[in-house]
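# What the coordinates show
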Amino acid sequence: NDGLAESTDLGELSGSVQLFASMLPAGDADFYRFSVSESGLPGNANALLIRTGGPAGDSVVVLYQFNEEEDRYLPTVSDDDSGDSYWSQLLVRPEPGDRFALRIEETAFPLEGIDTYSLSILPVALVVDEEPNNTSTQATRLAPINEASTEWMVEGILDVSDAIDFFALTVQDPALVQ
């Protein structure tokens, strides 16, 4: 699985995927392919958490998406070090029917190889903010976390189809807002 043509086919995602592999000899790269069902991700999932891990190592992950017009996989996002320690982590929101390839490489220099690493692809459910809230007049009103709290919190998603969100809050008494 050292190239896109030889990539390990993980098939259509029907749940979580976890596998263990190595990047040996030094300089080795591993490639994997997978797809999302035409009906979307399993259960109520609306995103994929892709991460690497292991006892020791430093990885970079590049996610490629198949482009129908060009009839090939094109890189869309990459990560180095967002996961635990020096491992990689991506959070993506695929569409039904999307096809992907992953490239995983060691990034610590000098390259020594990685005896064991894990790859996890986990369908997850992200909280989607109430829409529409794409202008200041449509801003979603925030309320404190609880009655005694002076903290507000919101969870939401920004993606290609929803690139901006507005939120509004009311400060009743003079206060420092950070």
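This text follows the structure it describes.
Thresholds applied
Residues numbered from 1 in each chain as written. Predicted model: local features only at pLDDT ≥ 70, side-chain atom pairs only at ≥ 80, totals over all residues. Heavy atoms only, no water. Helix = DSSP H or I, 4+ residues; strand = E, 2+ residues; numbered from the N terminus. Rg over C-alpha atoms; globule rule 2.2 N^0.38 Å. Buried < 20%, exposed > 50% of the residue type's maximum accessible area, 1.4 Å probe, protein only. Contact = heavy atoms within 4.5 Å. Areas by Shrake-Rupley, 256 points an atom, 1.4 Å probe, with all protein chains shown as cover. Phe/Tyr/Trp six-rings, centres within 6.5 Å; stacked < 30°, edge-to-face > 60°. Lys NZ or Arg CZ within 6 Å of the ring centre and 35° of its normal. Core = buried A, V, L, I, M, F, W, Y, C linked by side-chain atoms within 4.5 Å. Pairing = 2+ DSSP bridges. Axes fitted to C-alpha atoms, helices over the stretch in contact; angles between N-to-C directions. Lys, Arg positive; Asp, Glu negative; His and termini not counted. Salt bridge = Lys/Arg side-chain N within 4 Å of Asp/Glu carboxyl O.

## Things to note about the overall build of the chain
- On a plain count of helices and strands, the chain comes out with zero helices and eleven strands.
- Secondary structure elements of the chain occur, N-terminal to C-terminal, as β-β-β-β-β-β-β-β-β-β-β.
- A compact globule built from 178 residues would reach a C-alpha radius of gyration of about 16 Å, whereas the chain, at 20 Å, exceeds it by more than 25%.
- Along the first, second and third principal axes, the C-alpha set of the chain runs to 65 × 35 × 25 Å.
- Each of the 178 residues in the chain was classed as buried or not, and the buried ones make up 37%.
- Taking the intrachain contacts of the chain between residues at least 6 apart in sequence as the baseline, contacts between residues at least 24 apart amount to 74%.
- For the chain, the accessible surface area stands at approximately 10900 Å², while carbon and sulfur atoms represent 49% of it.

## Re the packing of aromatic side chains
- Overall, the coordinates contain two aromatic pairs when judged by the stated rule.
- Ring centres of Phe-66 and Tyr-73 lie 5.1 Å apart, and the angle between their planes is 75 degrees; this geometry places the pair in the edge-to-face category.
- Overall, the relative accessible area of 15% leaves Phe-66 in the buried class.
- According to the relative accessible area criterion, Tyr-73 is buried, its value standing at 17%.
- We note Arg-99 situated over the ring of Phe-66; from NZ or CZ to the ring centre the distance is 3.8 Å.

## Let's talk about the nonpolar core
- Counting 23 residues, the largest nonpolar core has Phe-34, Ile-50, Leu-119 and Ile-121 as the members making the most contacts within it.
- Of all elements in the fold, only strand S2 (17-23), strand S3 (29-35), strand S4 (47-53), strand S5 (59-67), strand S7 (89-92), strand S8 (99-106) and strand S9 (114-124) reach the threshold of two or more residues within this core.
- The greatest single-element share of this core, amounting to four residues, is contributed by S9.
- Beyond its immediate stretch of four places on either side in the chain, Ile-121 contacts Leu-10, Leu-13, Gly-15, Ser-16, Val-17, Phe-34, Leu-48, Leu-49, Ile-50 and Leu-102.

## Some remarks on the sheet that holds S3
- Reading across the sheet, the five strands line up as S1-S3-S8-S5-S6 and stay open at both edges, with mixed pairing between neighbours. Two strands close off the open sheet at either side, each with one partner strand: strand S1 (8-12) and strand S6 (72-80). Sheet twist, expressed as the mean angle between neighbouring strand axes with direction ignored, is 20 degrees.
- Looking at chain direction, S5 and S6 are connected through eight bridges and run antiparallel. Bridging from a neighbouring strand, Phe-66 pairs with Tyr-73 of S6.

## Some details on the side chain of Asp-58
- Here Asp-58 lies in the loop between S4 and S5.
- The side chain of Asp-58 sits in the buried core without any salt bridge; Arg-103 is the nearest counter-charge, 13 Å away.
- If sequence neighbours within four positions are ignored, Asp-58 has contacts with Asp-80, Asp-81, Tyr-86, Trp-87, Glu-105, Glu-106, Thr-107, Ala-108 and Ile-114.

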